[in-house]
Structures are given as C-alpha cells and as structure tokens.
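# Structural characterization, general
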Amino acid sequence: MTNFVGRMREAIRGDQRVDADALVDRLAAVRRFLDAVDGQVPDAQLVAAHTVVERAGTRLELSRDHTVVALAGATGSGKSSLFNALARLDLSPVGVRRPTTGVAHACVWGQLDGANRLLDWVGVLPRHRFVRESALDADDETDLHGLVLLDLPDFDSVQRSHRLEVDRLLGLVDLVVWVVDPQKYADRVIHTSYLREFHRHKDVTLVVLNQADRLPPAELPRVLDDLRRLLDADGLAGVPLHATVAVDPAGLTALREALERTVAERQAALRRLSGDVDTVVAGLDELVSADAPATGPDEAAGRELTRALAGAAGVPAVADAVRGAYRHRAVGSTGWPLVRAWRKLRPDPLRRLHLPGPAAGADAPEESLVAATSVPDPTAAQRSALGLAIRSVADRSSAGLPAPWPGAVTTAARSRLGDLPDALDRAVAGTDLGMDRRPVWWRLVGGLQWLVTLAALAGLLWLAAGYALRALGLPALDYPRVGEVPLPTVLLLGGLLAGLLVAALARPVIGWAAGRARRRAEKRLTGAVATVGEEHVLDPVRAVLARYGRAREALREAARR
Ligand SMILES: Nc1nc2c(ncn2[C@@H]2O[C@H](COP(=O)(O)OP(=O)(O)OP(=O)(O)O)[C@@H](O)[C@H]2O)c(=O)[nH]1
Ligand SMILES: [Mg+2]
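Residues numbered from 1 in each chain as written. Chains lettered and ligands numbered in written order. Predicted model: local features only at pLDDT ≥ 70, side-chain atom pairs only at ≥ 80, totals over all residues. Heavy atoms only, no water.

The protein appears in an unreviewed UniProt entry as GTP-binding protein EngB required for normal cell division from Micromonospora siamensis.

Below, the structure written as structure tokens:
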C-alpha cells in the first residue's frame, strides 16, 4: 500500500520536473518585467522580485549536484538530534537548555570542496561545516551523496538573532524539512508565520513529526491526522509527512528515504527557485491585468486633443487673419487703382500677428525660445479645455489598467505641458499659410482694372483737351462718335463703369477664395498643432503604455511553467 502511494507520489512529482532552461527563461522574463516597470512602480513593490532574480541567478551558477536541505522548527523539536542521527555523528550540540543551536551547522555527504562555495553563499561558517565521508561506512551513505544538510536555529526563538538567521536561510535552501513535535505541532506561529508562507513550495517541503516515541502508539495516527488537517489548512495539502524518532535509528528510515530520493532527483534546487518565481509572479500579478492590453490613445482622444491644442494655439484667430489678409491683398490687387493706394494704408491682418513668424524664415533659429508670433495668449477657457483634453487622453488610454499605470499615464501625458506654449507658437509660426504667392487671376483682374482706368483717364484727358481748346477760342476738336456719344465720353464713363463692374464682380469671387484660403490655412495649422500634440502628449503616453505592454507580456512568460 505504502509502495503504491509512494509510486503515485513519485509519478505526480515526476510530472512536475522543472527544466533548468525553462527556469532560466522564466527568470529572464522576470528581469524583463522589472526593466519594463522600472521607474513606474514603487521600488518597495519590487524588492521580492529583485531578490529572487538575484538569488536564483547565483544559486544556478553554484553547484547543481548538491541539494541543500534545512531542518527547521521550534526549539526542542529535535532538529539537532535528527541532524546528528542522520549524520551518525555528534556534530551539532543537543541540549536540555533551550534554545541550544544558535548558528547553522552543515553536514555534507561527499566531497566538501564542491559544496564549499555553496556554503559560503548560504553563510555557514567554515568551523560549522562537517563532512560525511562515505568511505567510513562502506557504501551505505552513497545514496545521500550530494546532500548538504543544515541544522538551523529555532524559529520561535526568544533570541531575535536566531529568527533573523532562520528567515535568511529559509530563503536560500533548496528543500525544507519542518520538524515538529507532539507538544507544539499545532502552535500558531509555526503555521501562520512559516508553513503557510511555503504554500507555493509544496514540492520542496517535507514535514516530520519527531519524538513520535513520546506518544502512546495508539495516539500517533490521531496526531498525524490532526497535523495533516492543519497542513491542508496551510495550503500544504499532499506534502510528505513522516513520523520520526531521532533517538532511534529505525525511526529515521522514512525521512532518510525521502532525502535519498530528493538527492537522487537533483530537482530540489530548481523546484525551489521555480516556486520562488511562482511566488514573485503571484505578487506582481496585480500590477498588470490579463484582460487589459495596452491599446494606446484612440483616435477620438487624439482629435479632441488636437482641437483643444488648436484653440490654445489661436488657430481660429490665425485662420481668420488669413481670410482677412486674403481679402485685403486681393482687393489691393484687383480693386480700382485709386482705391488700392488707400487700401495699402490699412494694416494687413496677418502682419499684425507677425505672421509668417521668424521660424518660417531660412535664417531663423531652429529652436526659438521666445514667443515668435503675436497670436493672443490662450484664454482661461482654452487653457482649461486643453487640460481636460490631456486628462481625457490619459483616462481613455489607461482605462481598465491596474494601479499604478493610470497615474503613470497621466503623469506622462502632462510631462511636457510646460513646453507646450512655445512649441505651439513655433508650430504656428513655422506653418506655410499659403499666402506667399499672388494668384494669377489677381494680376489679370488688376491688369484689366488698369486698362479700364487708363481708358477712363484717356477719355478724361481727351475731353479736357477739347474743353481747353474751346476755352482758348481755338477750333474745337472733332470727336469720333460711338452712335450719338463722343468717344472720349464713352471712354471716360465706360472706363469708370467697367472699373466698378469688375470690382463688383470680383468681390464674391474674393469672398469665396478667401474662405478657401482660410480653410487651407486652418488645415495646415491643425496638422502642425497635431504634430505638437503627438510629440508632447501622445508619444510620452505611448511610451508608458509600451512599458505596460512589455511588463504584461514578460509576466505572462514568467508565469508559464
Ligand atoms: N524521546 C525523544 N527525545 C528526543 C527526540 N528528538 C530529540 N529529543 C530530545 O529533545 C531535546 C531537544 O533536542 P534538540 O535536538 O536539541 O532540539 P533542537 O530542535 O535542536 O532545539 P534547538 O537547538 O534549541 O532549536 C533533547 O534532549 C533531545 O535528546 C526524539 O525523537 N525522541
Ligand atoms: Mg538544535
């Protein structure tokens, strides 16, 4: 029966073999996770992960032929007695005065040389290291070759230093044998502070009920059942549980065999580290969410941001000025020549905004720090609209992400807020508003205006010449006639009327073209402003989201057993 259960257990444990390469990959994934979240997640939340990565790296570099097994338990449970009994030598003092063992003792089965570096790392003083040379005992110790057994101080100690030492060592060893005795096996501290903490290390946990000889034989199964129930409640269902008697060699057989199997498998170190990674992954799990991939700022948020940026940058005002300037310049080119001169006296709406600004010029400094244009500063309403839009980008981009990511995304979205006013001003100043060239039709209409004006002028001069000759009593000019009307009068009145007509016809065309110029300028300005939004708001947000994505992916890989 025992054999059958034993084989079953072997089969189950055999299934859980940890592949060293897979473990190395998982550790690399944890490292990638830590890189990704660096600076985003408070360091305090990452201490355990850093510790495990570092510790695992070192343990894997050290001897994998050795299995470090610790005997841990309350004072007086019989750890040192078990240690000595397994070693068949009196290595660690056994005492009546409690606590007896103050520092860890180690016994190595096989060559000490190979285990020395491991023991240096574990921190067992050389004078507390012993060797169990199998030569002394013929071949009956060879099955334990590779075992490094540690006798720990008591973990419920009145001595604080003992507890600290035990906690440190429990973090480093490959397998823990918890030694409890019939008196104290149900002590709360053993279960809540220690055994429960090892629930992810079930495959490197062994429990022995020592001093079984102190119980009446009929009581033993009841106590073992009770202890099994407590272990189940600790999350340690299924861990091997043996009764031992340290003072009787026959009472060690089950423990000894369990240790022989562990040593032969050479799996304990890998299983221990794998359990550590499990613990770390479980602890970090809340930092990423399986059903919240990082999707990045959506288009609607981007559009809202661009609108708010355009408002703050004064894009509508500049676009209006473009329309005004178009009208101003078009009328200046196509209007009546006499009106044109008067037009020129009125200021050009774009020049009033100092546009195009210096950044548009070839010799302008690349990164001008001074406000380049005279576009009015954003109003309080525009500023708050911009604040809201940035917040909305952050909120929408981080929707569903667990803490601390929403905060990190908001911080990133606002990280370059201070640079925005200058960047927007430069973007506006640097935008080609499409107002450099005079359209051909302005010139044609302007030429036509000159023509009809000259005709009117010629008519006027001609009439004036006739009037002057008549006044001087000289023979009157004989004007050619168009129908009944003299040609100079036709030229004068026709020229004037034609000028007015051309101006009147050009007016709606100018209005339409000015609207088009406004729309074109607005589109270009909006594009420039959107680029500023990309660089100053969306890119920093994307960078944080990319970190989140990397962290999420890395943790998923680290979780893959
Ligand atoms: N009857 C009986 N006595 C035992 C057994 N194991 C240990 N003892 C006795 O229990 C007492 C304490 O044993 P230790 O081995 O010193 O206990 P420990 O767990 O090392 O104690 P600390 O070093 O103080 O943590 C000693 O007197 C042992 O002889 C056992 O299986 N049966
Ligand atoms: Mg002891």
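## Considerations on the pairing of strand β5 (residues 175-180)
The buried fraction of β5 is high, at six of six residues. Alternating positions in β5 separate into two faces, L175, V177 and V179 on one and V176, W178 and V180 on the other, with burial throughout. The pairing of strand β1 (residues 67-73) with β5 spans five bridges and is parallel. Looking across to β5, one finds that G73 is bridged to V179. In the sheet, β5 pairs with strand β6 (residues 205-209) via five bridges, with the strands oriented parallel. By the bridge assignment, V176 is partnered in β6 with T205. On the question of chirality, the crossover connecting β5 to the parallel β6 by way of helix α7 (residues 188-194) is right-handed. (Buried < 20%, exposed > 50% of the residue type's maximum accessible area, 1.4 Å probe, protein only. Helix = DSSP H or I, 4+ residues; strand = E, 2+ residues; numbered from the N terminus. Pairing = 2+ DSSP bridges. Right-handed = clockwise from strand over helix to strand, strands pointing away.)

## Thoughts on the coordination of the magnesium ion (ligand 2)
Only S80 (OG) and T101 (OG1) from the protein coordinate the magnesium ion (ligand 2), and they sit 2.0 Å from it. Taken together, the residues S80 in helix α4 (residues 79-87) and T101 in the loop between α4 and β2 (105-109) connect sequence positions 21 residues apart. (Donors = N, O, S within 2.8 Å, 3.2 Å for Na, K, Ca; no water.)

## Topic: the packing of aromatic side chains
Per the counting criterion, the structure on display carries seven aromatic pairs. Through a chain of ring-to-ring contacts, three or more aromatic side chains come together here, namely F155, W178, Y194 and F198. (Phe/Tyr/Trp six-rings, centres within 6.5 Å; stacked < 30°, edge-to-face > 60°.)

## Quick word on the nonpolar core
Core analysis: the biggest nonpolar cluster contains 84 residues, and F33, L305 and L433 have the highest contact counts within it. For this core, the leading source of residues is helix α19 (residues 487-559), giving 20 residues. Beyond its immediate sequence surroundings of up to four residues, L305 is in contact with L386, A389, I390, V393, G533, V537 and L538. Counting 39 residues, the second largest nonpolar core, distinct from the first, contains V108, V176, L195 and L215. (Core = buried A, V, L, I, M, F, W, Y, C linked by side-chain atoms within 4.5 Å. Contact = heavy atoms within 4.5 Å.)

## Thoughts on the sheet that holds β1
Taken in spatial order, the seven strands line up as β3-β2-β4-β1-β5-β6-β7 in an open sheet, and their pairing is mixed. Of all strands in the sheet, those bounded by a partner on one side alone are β3 (129-132) and β7 (241-243). Direction aside, neighbouring strands of the sheet carry axes that sit 20° apart on average. (Axes fitted to C-alpha atoms, helices over the stretch in contact; angles between N-to-C directions.)

## Focus: the UniProt feature "transmembrane region" (unreviewed entry) in the protein
According to UniProt, the feature "transmembrane region" (unreviewed entry) maps to residues 447-469 and 489-514 in the numbering used here. Note that residues 447-469 is 100% helix and 0% strand, and that its end C-alpha atoms are spaced 33 Å apart. In the segment residues 489-514, helix accounts for 100% and strand for 0%; the C-alpha atoms at its two ends are 36 Å apart. (UniProt positions renumbered as here; feature names shortened; annotations may be inferred.)

## Some points on the domain arrangement of the protein
Per the domain assignment, the segments making up the protein are domain 1 (66-269) and domain 2 (299-345 + 375-559). The straight-line distance from the C-alpha centre of domain 1 to that of domain 2 is 85 Å. (Domains from an automatic or database assignment.)

## Description of the site of ligand 1
Around ligand 1, the structure places 22 residues, and the nearest of them are T75, K79, S81, T100 and T101. R214 is positioned such that a nitrogen or oxygen atom in its side chain is 3.1 Å from a nitrogen atom of ligand 1. Isolated, ligand 1 exposes 650 Å² of accessible area, and the fraction of that covered by the protein chains is 88%. Among the residues forming the shell around ligand 1, the class breakdown is six nonpolar, eleven polar and five charged. (Near = heavy atom within 4 Å. Polar contact = N/O pair within 3.5 Å; in protein donor to acceptor, adjacent residues only side chain to side chain. Areas by Shrake-Rupley, 256 points an atom, 1.4 Å probe, with all protein chains shown as cover. Nonpolar A, V, L, I, M, F, W, Y, C, P; charged D, E, K, R; others polar.)

## Quick look at helix α6 (residues 160-170)
Looking at α6, one finds that the buried residues are H162, E165, V166, L169 and L170. Down the axis of α6, the buried side of the element spans an arc of 130°, and every buried residue falls inside it. Of the surrounding elements, those touching the buried residues of α6 are β1, α5 (112-122), β4 (147-151), β5, α7 and α10 (268-284). (Arc of directions from axis to C-beta.)

## Here we look at the packing of helix α16 (residues 405-414) against α19
Close contact between α16 and α19 brings their axes to 7 Å; oriented N to C, the two are set at 155°. Between α16 and α19, the angle is such that the two are roughly antiparallel. As α16 runs across α19, the sense of the crossing is right-handed. Across from W405, A408, V409, A412 and A413 in α16, the residues of α19 making contact are H536, V537, P540, V541, V544, L545, R547, Y548 and A551. (Parallel < 35°, antiparallel > 145°, perpendicular 65-115°, else oblique. Left-handed = near helix turned anticlockwise from the far one by under 90°.)

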